[in-house]
Structures are given as structure tokens and as C-alpha cells.
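Fold and contact review
One letter stands for each residue in the lines below.
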Amino acid sequence: MDLIQLLNQFEADALAAIAAVRDAATLEAVRIEYLGARQGKLRDLQAELGKAGKEERPVLGKRFNEVKGRVSESMEQRKLALDRPTVVATGVDISLPGTSVRLGKRHPLTQTMDEFKEILGRFGFTVADGPEVEDERHNFEALNIPDDHPARDPLDNFYLATAEKAAGGPRLLRSQTSTVQIRVMENSSPPVRVISLGRVYRPDTIDQTHSCMFHQMEGLMVGESVTMSQLKTVLRLFAHAYLGHDVHIRFRPSFFPFTEPSVEVDMSWGEGGKSWLEIGGAGMVDPNVLAAVGYDPDRYTGFAFGMGIERFCMRRHRIPDIRLFYGSDLRFLRQF
Ligand code: PHE
């Protein structure tokens with residue numbers, strides 16, 4: 001028999017032997033018999049190969065490697081198959097698919113805030129963060145809200161009794177995200193273009209549209225020639241990006257201690273602008289505020305806006321009650 005035939009024979013025998021194996025120990029015996037390095041059958045064939053003529057050797061060598069590869073591969077496969085657990089006597093079929101895990105999702109308000117950040121990011125606004133427990137300087141004083149202003153009434157704010165004696169004066173849960181304007185301006189020089197999103201707290205009576213904790217987005221842009229028309233443009237572009245092109249925006253004169261002039265911002269969707277929704281306040285940063293953070297009010301101007309986030313999200317998804325956001329009811333949350 002020539003060597004090619006011997007190799008073919010070896011391959012056929014080895015594969016048959018492997019297929020017939022029923023346990024790991026037998027498989028190991030088969031491995032030693034056929035592929036063993038010291039006295040295996042393949043080793044003997046390799047010795048024969050050494051004696052072959054020069055011209056035959058490349059062909060024989062190729063076939064040898066093929067056979068060796070195929071038998072080793074088959075051995076591996078068989079080993080894996082034998083290692084795999086089989087259905088056991090308990091009747092549990094472990095090859096059945098398991099119970100699927102339900103993945104969590106981002107809260108609808110978080111989704112809304114992420115989208116707001118993305119939209120305003122396109123206009124060059126970066127995101128700033130501030131603490132929810134604030135001092136009176138950042139929540140009121142630097143924002144030009146004087147001591148006797150009704151917004152400072154302890155009954156309209158969540159003052160923290162325990163922090164009263166702490167150094168730096170009384171603390172309260174911030175009632176607006178305008179606090180972050182001050183923090184940003186204290187720590188950087190113009191030009192400034194930031195937004196800040198987060199929770200604010202007011203002792204409101206809770207109903208369908210009011211909660212004593214809700215979310216605001218604050219925007220602030222300060223520079224050497226920032227104007228009110230830029231404010232309107234930014235808000236309009238924002239409204240179009242979030243709500244679509246059939247959105248109208250309008251300013252109504254208003255008053256905030258930290259902006260002058262101040263406006264109330266309304267938006268309306270479709271229906272030829274019939275029903276307006278109040279979405280927040282805005283205005284040109286009051287020179288007193290700029291001075292309070294060490295900016296030169298003769299050199300810089302700025303605009304600021306603040307708006308409720310829940311309202312946008314409720315409008316977009318037709319959510320009828322603000323309390324649904326905070327109830328942790330999975331039947332509600334899973335819809336987003
Ligand atoms: N902070 C104001 C509020 O909570 C909104 C506002 C922000 C108004 C910035 C003007 C400028 O009602």
C-alpha cells in the first residue's frame with residue numbers, strides 16, 4: 001500500500017473510532033492510539049513519510065497535515081459534545097431558553113433633559129451643574145432679589161432647619177435653577193453660554209400640574225453684544241427642534257428681579273396659534289446681577305431664560321398629570 005492509501009485508511013479508522021466513543025476516558029484512549037506523540041499510529045506514518053522520495057514529499061506532507069488536522073478537529077468536537085451536560089433525570093431541559101430579563105429605561109424626564117442638552121449643544125451651549133441645597137447668596141442676593149422680596153418668604157421656600165446654624169448662613173432647597181447662573185459667572189469670565197438642568201423645590205399645593213419638586217432648564221448667554229433678539233431666536237430654534245415647525249412663540253412683558261427687561265415666554269402648537277402654553281421666564285440679565293459676580297455691566301450684556309421641563313414632556317407625550325412622573329408606576333414608565 002502506498003503512503004497516501006495508508007493516510008486515507010488512518011483517517012477513516014480514526015474518525016470512526018472517535019464517533020463511536022461514549023465517554024471521555026475512552027476518547028482519551030483513542031487519542032493516544034491514533035495521535036499519541038510517542039507510539040500513536042500517526043507517528044508511525046510520519047516516520048514512513050521521512051523515508052519517501054524527494055518528489056513525493058510535498059504531496060504526502062500536504063495530505064499528512066490535512067489528515068492530522070481533520071482527526072484532531074473531530075477529536076475536539078467530540079470532547080466538547082461529551083462535556084456538554086445532557087438532560088438529567090429531573091426532567092429539566094436545560095437547553096430551553098431562560099426567562100428573559102426586562103431591561104430598564106431612562107425616565108421620560110431624563111430622556112427629555114437629554115434631548116434638551118443635545119439640541120442646545122448644537123447652538124454651542126454647554127451643560128453646567130449646581131447644588132440643590134443652596135445658600136441665600138446664590139438663590140436670592142446675587143440674583144438681585146432683596147431681603148424684603150416676597151419670593152424670600154420662608155413659607156414659600158424649603159429652608160433647612162438643621163442647616164440654619166451652619167457657617168455661611170441659612171440653607172434652602174433651591175427654588176430655581178437661576179442659582180447656577182451665579183455659580184457659573186463666579187467661576188468663569190465672559191463669553192458664557194451654558195444651560196443647567198435639574199430639580200427645583202417650592203412648597204406648592206400638589207395637583208395635576210403642580211408639584212413641590214419639579215425640573216427646570218436654565219439658559220445663560222453673556223458676551224459683549226448679546227441681544228434680546230438672539231434670545232428669541234435661540235428659544236424659537238429650540239422650540240422648533242423639540243416640538244416641530246408648527247410652533248409659535250411669543251413674549252409678554254413681565255418682571256423678574258434678575259432680568260431687565262423681563263418677559264414671560266409662551267408657545268403654541270398648531271391650530272393657528274390659538275392656545276398658548278406658558279413655558280417660562282426670560283430676559284436680559286440685570287446689570288446688578290452682572291456686577292454681583294464681578295462682570296463689568298458697561299461692557300457685557302446677556303440673556304437668561306428658565307423653563308419648566310415637565311410641561312414640555314407632558315405636552316409632547318400627552319401626559320395628563322404631573323404626578324405620574326414621580327409615582328414610579330412601572331405601567332406608566334414602561335411606555336417611554
Ligand atoms: N428663575 C425664573 C423662575 O423660576 C425663570 C427665569 C430664568 C426668568 C431666567 C428669567 C431669567 O421663574
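Look up: the structure comes first, before these words.
First, a word on scope: everything that follows refers to the structure included in this document.

What counts and what doesn't
Residues numbered from 1 in each chain as written. Predicted model: local features only at pLDDT ≥ 70, side-chain atom pairs only at ≥ 80, totals over all residues. Heavy atoms only, no water. Helix = DSSP H or I, 4+ residues; strand = E, 2+ residues; numbered from the N terminus. Buried < 20%, exposed > 50% of the residue type's maximum accessible area, 1.4 Å probe, protein only. Contact = heavy atoms within 4.5 Å. Areas by Shrake-Rupley, 256 points an atom, 1.4 Å probe, with all protein chains shown as cover. Lys, Arg positive; Asp, Glu negative; His and termini not counted. Charge placed at Lys NZ, Arg CZ, Asp CG, Glu CD. Phe/Tyr/Trp six-rings, centres within 6.5 Å; stacked < 30°, edge-to-face > 60°. Near = heavy atom within 4 Å. Polar contact = N/O pair within 3.5 Å; in protein donor to acceptor, adjacent residues only side chain to side chain. 1 Å grid on protein atoms, 1.4 Å probe; cavity = no way out; pocket = protein on both sides within 12 Å on 5 of 7 lines; lining within 4 Å. Sits in = over half its atoms within 2 Å of the grid points. Core = buried A, V, L, I, M, F, W, Y, C linked by side-chain atoms within 4.5 Å.

Here the focus is the overall build of the chain. Secondary structure summary: the chain contains eleven helices and nine strands in total. On the principal axes, the C-alpha backbone points of the chain span a range of 110 × 55 × 55 Å. In the chain, buried positions account for 42% of the 336 residues. Contacts in the chain between residues at least 24 apart in sequence constitute 63% of all its contacts with a sequence separation of at least 6. Approximately 18,900 Å² of the chain is accessible, and the part contributed by carbon and sulfur atoms is 53%. Positive and negative side-chain charges in the chain, numbering 42 and 46 respectively, have mean positions lying 8 Å apart.

Turning our attention to the packing of aromatic side chains. According to the stated counting rule, one finds twelve aromatic pairs in the structure shown. An angle of 75 degrees between the planes, with centres 5.9 Å apart, marks the rings of Y242 and F312 as edge-to-face. Of this pair, Y242 sits in helix α8 (residues 228-243) while F312 sits in helix α10 (residues 309-317), placing them 70 residues apart in sequence. Look at F312 and you get buried, because its relative accessible area is 1%. Relative to Y326, the ring of F325 lies with its centre 6.2 Å away and its plane at 55 degrees, an arrangement referred to as tilted.

Moving on to the site of the ligand. Taken together, 14 residues sit near the ligand, with Q176, S178, R202, Q216 and G306 positioned nearest. Within the contact set of the ligand, a nitrogen atom lies 2.8 Å away from a side-chain nitrogen or oxygen of Q176. Measuring from an oxygen atom of the ligand, one finds a side-chain N or O atom of Q216 at 2.8 Å. Judged by the fraction of its atoms near the pocket grid, the ligand is located in the largest pocket. Contributing elements (two or more residues each) for the shell around the ligand: α7 (178-187), β5 (213-223), β8 (276-285) and β9 (301-308).

Here we come to the nonpolar core. Counting residues in each nonpolar core, the largest one holds 40 residues, and the members touching the most others are M217, F303 and F305. In terms of residue count, α8 provides more of this core than any other element does, six residues in total. Excluding residues that lie within four positions of it along the chain, F305 makes contacts with I195, M217, E218, G219, L231, V234, L235, G281 and A282. I145, L172, I182 and A304 belong to the second-largest nonpolar core, a separate cluster that totals 22 residues.

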